[in-house]
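# Summary of structural features
What follows is each chain in one-letter form.
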Amino acid sequence: KLYTNFNKTKQTSMIRFLSRVRVPVRSQIFTRHIARTQTTDTKPQANENRSFVAGLFDGQLHTDQLFPYPDTLSADQLDTLRLYVEPTDKFFREEFNSAKYDEQAFVDPEMMEQAKRQGAFGLQIPERYNGMGLNNTQYCRMTEIMGRHDLGFGIVLGAHQSIGLKGILLYGNEEQKEKYLPRLATGEQVAAYCLTEPASGSDAFSIKTRAELSPDGKSYVLNGGKIWISNGGIADIFTVFAKTPVKDRSGIVKDRISAFIVERAFGGVTHGQPEKKMGIKCSNTAEVHFDNVKVPVENRLLAEGDGFKVAMNILNNGRFGMAGALSGTMRMLIERTVEHVRTRRQFGDLLSNFGVIQEKIANMTLRHYVTESMAYQLCGVMDSGVTEFQLEAAISKVFGSESAWMVVDEAIQIHGGMGFMRDCGLERVLRDLRIFRIFEGSNEILRLFVALQGLQLAGVKLKGLESALKSPLSNASTLLNFIGGRVGIHEVSVSHLVGSRDTMADPLLRESVEQLVRCVNHFGVAVERVLMLHGKEVVHQQIKLRKLAEAAIDTYGMAAVVARASNAVRTQNATWEHQVLLATSWCQEAHERVLWHLRGLRDSDTLNLDRSKVRIAEEVVAEGGPKATHPLGF
């Protein structure tokens, strides 16, 4: 819940209190709610959420997960990764016939077996369970290869290990891991993740599948059906989410979601015909049905009622791989496009010399650079042991999937009629990419998740302020701490962020840092304004929530590229000048978009336009289609 009943009367009480207490604060600055951008040189408090995006919603710039840009791989890990990358890339480049498998809608069994022998089904499973034991950064690099060559087969592998077996890896006890992981690592068994149902797409709480404890207490009886399950028709092991009756603290029995490891061999597990899809055709997608399946009690993951946490954390933990895969897709598309414009002549000149083409290639490259920067920033944070990365993971999925769609669209446009032809291969990539904005959390839902999760964190702090206002004189320290965290000097904050240390941005990026700080400042102000205006009812303000999410996405992208480019300068990377150019260009564009979205939360003309759009939608829905009469009248 959002604790934000912070009304005008209480604001007035605070201002009156401030007028009686001698503090170095100018009231006009406070009453405008100018947020301070705080840097994080200080030691974090215990259990404090240091997520960069979470900090945005509190008007703070958490830099301890930002600088230096992650460099988490040891020399041995880098050498190991190199041993895997080239053979895997060669396998897909020379032996894997993506066009054929797209046409026939399945991968030849011998190719599946070869991928299993190469260890592709156990990339992140620890070596003691027959896996390759790659960390998140190493895994991300391997997913790039999948994205570069075949997103459909990437889904086969991702559905198996990014989500299918991830519940066992994250939450399984030692007995469960020893029983299942070794055969899953070798591909002898294939895994699937079963959450979606006909009546529950993004709304996981509405699932109907049930698991009832047997009278002897030794097993659950599972009944229900799941739809659109990747690997559903070929999987042997399923992570299944079902409603179970759970008694709460007051003794009332309520339905809660629980998670189970289900074997096809238990009996009663069936699947439908493979779905006919727009893209990722070589992957298997099917309905999965459970008819009185007896699931041993020991196959439950965590306690009864913990299934929703398991489901969401599996998705949160797996989303980083999507950004990595899509980075690989975009890199391939840009290379294909550059090859075309360097040789194609029109009107007596190469396409590469046309300004409109140059602009497209630059925009494609910027999108790729930001996605790649986000992906490896996120991986590094995860590999360092940080557990609060859900918001960054959601943003990387949203941004990566939409950027890849933009890049493939522009690649086809630049190729012209040739790009529209099947033999070119780009139309298959476009079809494959379309699903990435929908599954593992649609981008619309993830935007709301980012905004509401961030607002919840900010709302909790404002709840403490609300309590303090009830007795201001006895809570002076609480109030002054709040004010001190909200009012500061912009230039000081920037100077704390730019310097020669590896925990700071390089001076070459000072202007970009100033733009980043400006965005964070305005973001903190906007969050407080939205919370104070709407309180708990903010959950119903989806258009405003979307704008907050858009601003958060662009701000995180700015932070990621500043950190990466600073690291490139500091390590004298061969392309550091180009990376600085990319980072500064992106920040200049993103900075303007952030401020535009935030202005839209308070600008009367924009708010009126939003209301007009709501009315248009309501009238069209009521009409059953476009309401305006046809120009010809029939």
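What this report covers is the structure whose coordinates are included nearby.

Analysis parameters
Residues numbered from 1 in each chain as written. Predicted model: local features only at pLDDT ≥ 70, side-chain atom pairs only at ≥ 80, totals over all residues. Heavy atoms only, no water. Helix = DSSP H or I, 4+ residues; strand = E, 2+ residues; numbered from the N terminus. Buried < 20%, exposed > 50% of the residue type's maximum accessible area, 1.4 Å probe, protein only. Contact = heavy atoms within 4.5 Å. Areas by Shrake-Rupley, 256 points an atom, 1.4 Å probe, with all protein chains shown as cover. Pairing = 2+ DSSP bridges. Axes fitted to C-alpha atoms, helices over the stretch in contact; angles between N-to-C directions. Parallel < 35°, antiparallel > 145°, perpendicular 65-115°, else oblique. Left-handed = near helix turned anticlockwise from the far one by under 90°. Nonpolar A, V, L, I, M, F, W, Y, C, P; charged D, E, K, R; others polar. Core = buried A, V, L, I, M, F, W, Y, C linked by side-chain atoms within 4.5 Å. Phe/Tyr/Trp six-rings, centres within 6.5 Å; stacked < 30°, edge-to-face > 60°. Lys NZ or Arg CZ within 6 Å of the ring centre and 35° of its normal. Expected span 1.5 Å × (residues − 1). Bend = angle between axes of the 7 residues up to and from the residue.

Next up on the list: the overall build of the protein. Along its length, the protein carries 22 helices and ten strands. Buried residues in the protein amount to 53% of all 634 residues. Long-range contacts, defined as pairs at least 24 residues apart, comprise 74% of the intrachain contacts of the protein with a sequence gap of at least 6. Here the protein displays about 29,600 Å² of accessible surface, and carbon together with sulfur accounts for 52% of that area.

It is worth spelling out the pairing of strand E5 (residues 253–263) at this point. Pairing of strand E4 (residues 237–247) with E5, which is carried by eleven bridges, proceeds in the antiparallel orientation. Within E5, the residue paired with Ile237 across the bridge is Glu263. Between E4 and E5, which follow one another and run antiparallel, lie five residues, and Gly251 among them has a positive phi close to 90°. Both E5 and strand E8 (residues 300–301) contribute to a ladder of two bridges, which runs antiparallel. From the neighbouring strand, Ala259 faces E8, where its bridge partner is Leu301.

Here we come to the packing of helix H12 (residues 355–383) against helix H13 (residues 390–415). As a packed pair, H12 and H13 sit with axes 9 Å apart at the nearest point and diverge in direction by 155°. It follows from the interaxial angle that H12 and H13 lie roughly antiparallel. Read as a crossing pair, H12 and H13 show a hand that is left-handed. Its residues placed into classes, the contact of H12 with H13 shows 13 nonpolar, six polar and four charged.

Another aspect to go through is the nonpolar core. In this structure, Phe52, Val53, Phe57, Phe153, Phe523 and Leu548 are the most contacted members of the largest nonpolar core, which totals 96 residues. At 13 residues, the largest contribution of residues to this core is made by helix H20 (residues 542–570). Leave out the neighbours within four places in its chain, and Val53 touches Leu391, Glu392, Ile395, Val450, Ala552 and Tyr556.

This part is about the packing of aromatic side chains. Applying the stated criterion across every chain, the model contains 15 aromatic pairs. Aromatic ring contacts, followed pair by pair, group Phe91, Phe92, Phe96, Tyr101 and Phe153 into a single cluster. Here Arg434 stacks its cationic end above the ring of Trp405, 5.7 Å away from the centre of that ring. Across the ring face of Trp586, the terminal group of Arg593 is positioned such that the distance to the ring centre comes to 4.9 Å.

Our next topic: helix H11 (residues 307–341). Here H11 contains 35 residues, and its C-alpha end-to-end distance of 51 Å stays within 8% of the 51 Å for a straight helix at 1.5 Å per residue. When the local axis directions of H11 are compared, the greatest deviation, roughly 30°, occurs at Gly318. Most of H11 sits inside the fold, with 26 of its 35 residues counted as buried.

Here the focus is helix H6 (residues 109–117). Looking only at H6, the buried set comprises Met111, Met112, Gln114, Ala115 and Lys116. Buried residues in H6 make contact with helix H4 (75–94), helix H5 (98–104), helix H8 (151–164) and helix H10 (174–186). At the exit of H6 stands Gly119, carrying a positive phi of roughly 90°.

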